Amino acid sequence: TEKIYEHALEVLKENDQGSYTVPTKGLYPFQWNWDSCLTALGQFHYDEARAWTEIETLFANQWPDGMVPHIVFHVYSDGYFPGPNVWDTRRPTPTSGITQPPVAGFAIKRLYDRATDKAEAARRARALLPRIDAWHRWFYEMRDPGHEGLVAILHPWESGRDNSIDWDEAFERVPTDGVEPYVRRDTQHADPAHRPTKAQYDRYLYLVQLFRSLGWDNARLHDASPFKVVDPGFNAILIRSAMDLAALADELGEPELAARNRARAENSLAALETLWSDKHQQYLCRDRVTGQLIDSASIGGILPVFAAVPKARAEAIARTIERWANEVKYMVPSHDPADPRFEPKRYWRAPAWLVMNYMIQDGLRSAGETAMADRIVTSSLELITQSGFAEYYDPTTGEPCGGGRFTWTAAMVIEFLE
Ligand code: DGY
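Rules and cut-offs
- Residues numbered from 1 in each chain as written.
- Predicted model: local features only at pLDDT ≥ 70, side-chain atom pairs only at ≥ 80, totals over all residues.
- UniProt positions renumbered as here; feature names shortened; annotations may be inferred.
- Helix = DSSP H or I, 4+ residues; strand = E, 2+ residues; numbered from the N terminus.
- Rg over C-alpha atoms; globule rule 2.2 N^0.38 Å.
- Contact = placed C-beta atoms within 7 Å.
- pLDDT = per-residue confidence, 0-100.
- Core = buried A, V, L, I, M, F, W, Y, C linked by C-beta atoms within 7 Å.
- Buried ≥ 20, exposed ≤ 12 C-beta atoms within 10 Å, placed from the backbone.
- Near = placed C-beta within 6 Å.
- Nonpolar A, V, L, I, M, F, W, Y, C, P; charged D, E, K, R; others polar.
- Axes fitted to C-alpha atoms, helices over the stretch in contact; angles between N-to-C directions.
- Left-handed = near helix turned anticlockwise from the far one by under 90°.
- Expected span 1.5 Å × (residues − 1).
- Arc of directions from axis to C-beta.
- Parallel < 35°, antiparallel > 145°, perpendicular 65-115°, else oblique.

The UniProt entry for the chain carries the following comment under Sequence similarities (unreviewed entry): "Belongs to the glycosyl hydrolase 63 family."

**Some words on the overall build of the chain**
Scanning the chain for helices and strands turns up 17 helices and 8 strands. Relative to the globule expectation of 22 Å for 418 residues, the C-alpha radius of gyration of the chain, 20 Å, shows essentially globular dimensions. On the principal axes, the C-alpha backbone points of the chain span a range of 55 × 45 × 45 Å. For the chain, restricting intrachain contacts to residue pairs at least 6 apart in sequence, the fraction spanning at least 24 positions comes to 70%.

**Considerations on the confidence of the model for the chain**
This prediction gives the chain a mean pLDDT of 97; 100% of its residues lie at or above 70. At the level of chain-chain contacts, confidence expressed as ipTM amounts to 0.89, with global pTM at 0.98.

**Focus on the nonpolar core**
Grouped together as the largest cluster of nonpolar side chains are 127 residues, with contacts concentrated most on Ala-107, Val-305, Val-332 and Ile-360. Considering each element in turn, this core owes the most residues, 11 residues, to helix 12 (residues 232–251). Contacts of Ile-360, omitting those with residues within four sequence positions, involve Ile-302, Leu-303, Val-305, Phe-306, Val-332 and Ile-376.

**Quick look at the site of the ligand**
Surrounding the ligand, one finds His-70, Trp-157, Asp-162 and Asp-186. Class assignment for the residues of the shell around the ligand results in 1 nonpolar, 1 polar and 2 charged.

**Re unusual backbone geometry**
With an omega of 0 degrees, the peptide bond running from Phe-81 to Pro-82 counts as cis. Within the secondary structure layout, Pro-82 lies in the loop between strand 2 (71–72) and helix 4 (84–87). For the bond running from Met-331 to Val-332, omega is -15 degrees, close enough to zero to count as cis. Locating Val-332 in the fold gives a position in the loop between helix 14 (311–325) and helix 15 (354–366). In this model, Arg-405 sits at a positive phi of 45 degrees, which is unusual for a non-glycine residue.

**A word on the packing of helix 15 against helix 17 (residues 407–417)**
Following both chains from N to C, one finds helix 15 and helix 17 inclined at 35 degrees, their axes separated by 8 Å at the closest point. Regarding helix 15 and helix 17, the two cross each other, and that crossing is left-handed. The residues of helix 17 that touch helix 15, namely those facing Leu-354, Val-355 and Tyr-358, are Trp-408, Thr-409, Met-412 and Glu-415. Its residues assigned to classes, the contact of helix 15 with helix 17 shows 5 nonpolar, 1 polar and 1 charged.

**Some details on helix 16 (residues 370–387)**
With 18 residues, helix 16 ought to run about 26 Å at 1.5 Å a step, and its terminal C-alpha atoms sit 26 Å apart, in line with that. Taken as a whole, helix 16 has its buried residues at Met-372, Ala-373, Ile-376, Ser-379, Ser-380, Leu-383 and Ile-384. Projected down its long axis, helix 16 carries its buried residues within an arc of 140 degrees, all on one side. Residues Thr-370, Ala-371, Thr-378 and Thr-385 are exposed on helix 16 and point more than 90 degrees away from its buried face. For helix 16, the elements touching its buried residues are helix 1 (2–14), helix 14, helix 15, strand 7 (392–393) and helix 17.

**Considerations on the packing of helix 2 (residues 33–43) against helix 5 (residues 104–114)**
Running from N to C, helix 2 and helix 5 cross one another at 15 degrees; their axes reach a closest spacing of 9 Å. The orientation of helix 2 with respect to helix 5, classified from their angle, is roughly parallel. Crossing hand, helix 2 versus helix 5: left-handed. Contacts between helix 2 and helix 5 pair Cys-37, Leu-38, Ala-40 and Leu-41 from the former with Ala-104, Ala-107, Arg-110 and Leu-111 from the latter. Along the lines of polarity and charge, the residues of the contact of helix 2 with helix 5 split into 7 nonpolar, no polar and 1 charged.

Written out as structure tokens, the structure is:
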């Protein structure tokens, strides 16, 4: 394990650009939102100050309306598509125009709780509190205009689970006419069989072009988008972050900010129950265009254990994970292996991802499901021993897939070993 730890540090350091870290060289040469927040947890173990900087750099690029973009294009690179000119968001430092799972509130609470220099950590946390609070407010204003208590994603890239089976049906409603000609770059860095299809990519770009034509005005995007999905995993991350931000704000003497975030989290936690499926024994996505639950048992519906869901739900989810685990070699597949649409190597349609394992085991542990949490950690470390620090893994064989020498995978390994 000492060797694995050393290797993980090496991966983090080689992807470190000074004030932010790239997910991996080549495939992802900029700063990604949730990658950075989770990466900070690993960085903390060798450089506490550097960990705070990672998140501060991201928030320095927050939009005036409160959104925190999913990519910050700090330094130009033509190795990635769609680059800043396609997004055309006209920010001082170019950014994308959509967001990503809001894991920052959770991350800074964890950094603060573990800090050795509490005064310094308090100073840095205090500066981030109002920014993260503004991002949370943005979500409820812009992505829950009907006050359902749950926020929608408007692009699969926002979920972080780009080509999940969850989006297939809703994506059929997204047209592709008028998509400008483009050349993909991802398939030059990674095996095309591990990546989204061309049909999906065309739709990713249709949405980008549509939002760009609306001037990235978030007050207009929600209603205009043909794709609006309520993802239980995404909402669970928001709920957990709001809860954690509230607890931290209380500790730092910001009771109003704390109360606001606690109210948001409690309201959303209650609304999350409308996504529970007895049939699948997990949560499901809801298509906000049709109002229907989406019959797709993905890891997005397992992730709510990361928020404080009722104990009976956490127990049921632990059993669902067990059922999935019995069908594969490594945990946790990102989709139910019994689903005929399960594709073991294709990105978010089955592969195991260490960040998901990390959040799921953390939630299971809080819910008292320690045995299953431990099993996930053991399986994660076995994957690394067999296959190194890949972007993700075929859960049926452990084969490394996607990009190599991957930052957040390394960060999660450091967390598992600490
Ligand atoms: C990509 O380009 O594959 C990313 O996942 C989008 O953020």
